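Each chain, written out:
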Amino acid sequence: MKRIIIALSVLCTFLLSSCSALLAPTHAEDDSVLINVYDKTVGLDDGVRIAHAIFGIQEASRSEKLKSVEMLDWCLNEQMMGDSYTGYFVTYKVKVGDETWYTLVDLIEFDSGSYEGKFIDTDRSLSTIQSMLY
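Model, not experiment: these values are computed from the prediction.

Participant: Explanation requested: the nonpolar core in the structure shown.
Facilitator: Grouped burial of nonpolar side chains is what soluble globular proteins tend to show. Counting 12 residues, the largest nonpolar core is built from A28, V33, L34, V37, Y38, V69, Y88, V90, Y92, V94, V105 and L107. Elements represented by at least two residues in this core include exactly α2 (31-42), β2 (85-96) and β3 (99-110). With residues near it in sequence (within four places) discarded, Y92 still touches A28, V33, L34, V37, V69, E70, M71, L72, W101, Y102, T103 and V105.

Participant: How do you make sense of the packing of aromatic side chains when you look at a structure like this?
Facilitator: The geometry of an aromatic ring pair is captured by two quantities: the separation of the ring centres and the angle between the planes. This model, assessed by the stated rule, comprises 2 aromatic pairs. Aromatic side chains W74 and Y88 sit 5.7 Å apart centroid to centroid with 80 degrees between the ring planes, which places their arrangement in the edge-to-face category. Of this pair, W74 sits in strand β1 (residues 69-81) while Y88 sits in strand β2, placing them 14 residues apart in sequence. For W74, a relative accessible area of 25% puts it in the partly exposed group. Under the relative-accessibility criterion, Y88 is labelled buried at 3%. Where Y85 meets F110, the ring centres are 6.2 Å apart and the plane angle is 55 degrees; that geometry is what we call tilted. Separated by 25 residues along the polypeptide, Y85 in strand β2 and F110 in strand β3 bring together distant segments of the chain.

Participant: Explanation requested: the confidence of the model for the protein chain in the structure shown.
Facilitator: Close inspection of predicted coordinates is inappropriate in any region flagged by low pLDDT. Per-residue confidence for the protein chain gives a mean pLDDT of 84; residues scoring 70 or more make up 76%. Considering only residues more than four positions removed or in separate chains, one finds that residues 10-20, a stretch of pLDDT under 50, has 1 contact.

Participant: Any chance you could explain the side chain of D106 here in plain terms?
Facilitator: Relative to the helices and strands, D106 resides in strand β3. For the buried D106, no salt bridge exists, and the shortest N-O distance to an oppositely charged side chain is 5.6 Å, to K118. Within the structure, D106 has its side chain in polar contact with the side chain of N77 (distance 3.2 Å).

Participant: Looking at this structure, I do not really get the environment of D30. What am I missing?
Facilitator: For D30, the location among the structural elements is in the loop between α1 (2-22) and α2. Between the alpha carbons of D30 and L66 there is a distance of 9.6 Å; along the sequence they are 36 residues apart.

Participant: Is there a simple way to explain α2 in this structure?
Facilitator: In an α-helix, one turn spans 3.6 residues; hence positions three or four apart end up facing the same way. The first and last C-alpha atoms of α2 sit 17 Å apart over 12 residues, in line with the 16 Å expected at 1.5 Å per residue. Turning to α2, its buried residues number three or more, namely V33, L34, I35, V37, Y38, D39 and T41.

Participant: When you look at the sheet that holds β3 in this model, what are you seeing that I'm missing?
Facilitator: Picture the strands of a sheet paired through backbone hydrogen bonds; they go either parallel or antiparallel. Spatially, β1-β2-β3-β4 is the arrangement adopted by the 4 strands of the open sheet, whose pairing is antiparallel. The outermost strands of the open sheet, each flanked by one partner alone, are β1 and β4 (115-123). For this sheet the average axis-to-axis angle between neighbouring strands, irrespective of direction, equals 25 degrees. Where β3 meets β4, 8 bridges bridge the pair, whose relative direction is antiparallel. Each residue of the ladder has a partner; that of T103, found in β4, is T122. Contacting β1, β2, β3 and β4, α2 crosses the sheet at an angle of about 60 degrees to β2.

Calculation criteria
- Residues numbered from 1 in each chain as written.
- Predicted model: local features only at pLDDT ≥ 70, side-chain atom pairs only at ≥ 80, totals over all residues.
- Heavy atoms only, no water.
- Core = buried A, V, L, I, M, F, W, Y, C linked by side-chain atoms within 4.5 Å.
- Buried < 20%, exposed > 50% of the residue type's maximum accessible area, 1.4 Å probe, protein only.
- Helix = DSSP H or I, 4+ residues; strand = E, 2+ residues; numbered from the N terminus.
- Contact = heavy atoms within 4.5 Å.
- Phe/Tyr/Trp six-rings, centres within 6.5 Å; stacked < 30°, edge-to-face > 60°.
- pLDDT = per-residue confidence, 0-100.
- Lys, Arg positive; Asp, Glu negative; His and termini not counted.
- Salt bridge = Lys/Arg side-chain N within 4 Å of Asp/Glu carboxyl O.
- Polar contact = N/O pair within 3.5 Å; in protein donor to acceptor, adjacent residues only side chain to side chain.
- Expected span 1.5 Å × (residues − 1).
- Pairing = 2+ DSSP bridges.
- Axes fitted to C-alpha atoms, helices over the stretch in contact; angles between N-to-C directions.

Spelled out as structure tokens, the structure:
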């Protein structure tokens, strides 16, 4: 009887971890998302890009941006769960020169394959970013 209970516990643990893997965001590490996270973290928008062009300031290359961003963690956004979409809060680590920043993004993935992301905040402290989730 003890072996059956242990086997069922192990099976339940495996099934629960598999379920969360099935719900994992599929677009959180797409190149376009990572580049957008980098740009938002360093404050690059059209106005800044125009100023850079005027003053001849070089922006990081695409490959540099991709190397600088790492997805650290994700969790379901239970407020954004529907029949045809799933919401996630995704935490990214962004290296900008010698500095490390953490960025929180609200990512919604649609069953159609499209997605949209909303930049929530960025901070040098991971605990500050993570505290926004609770």
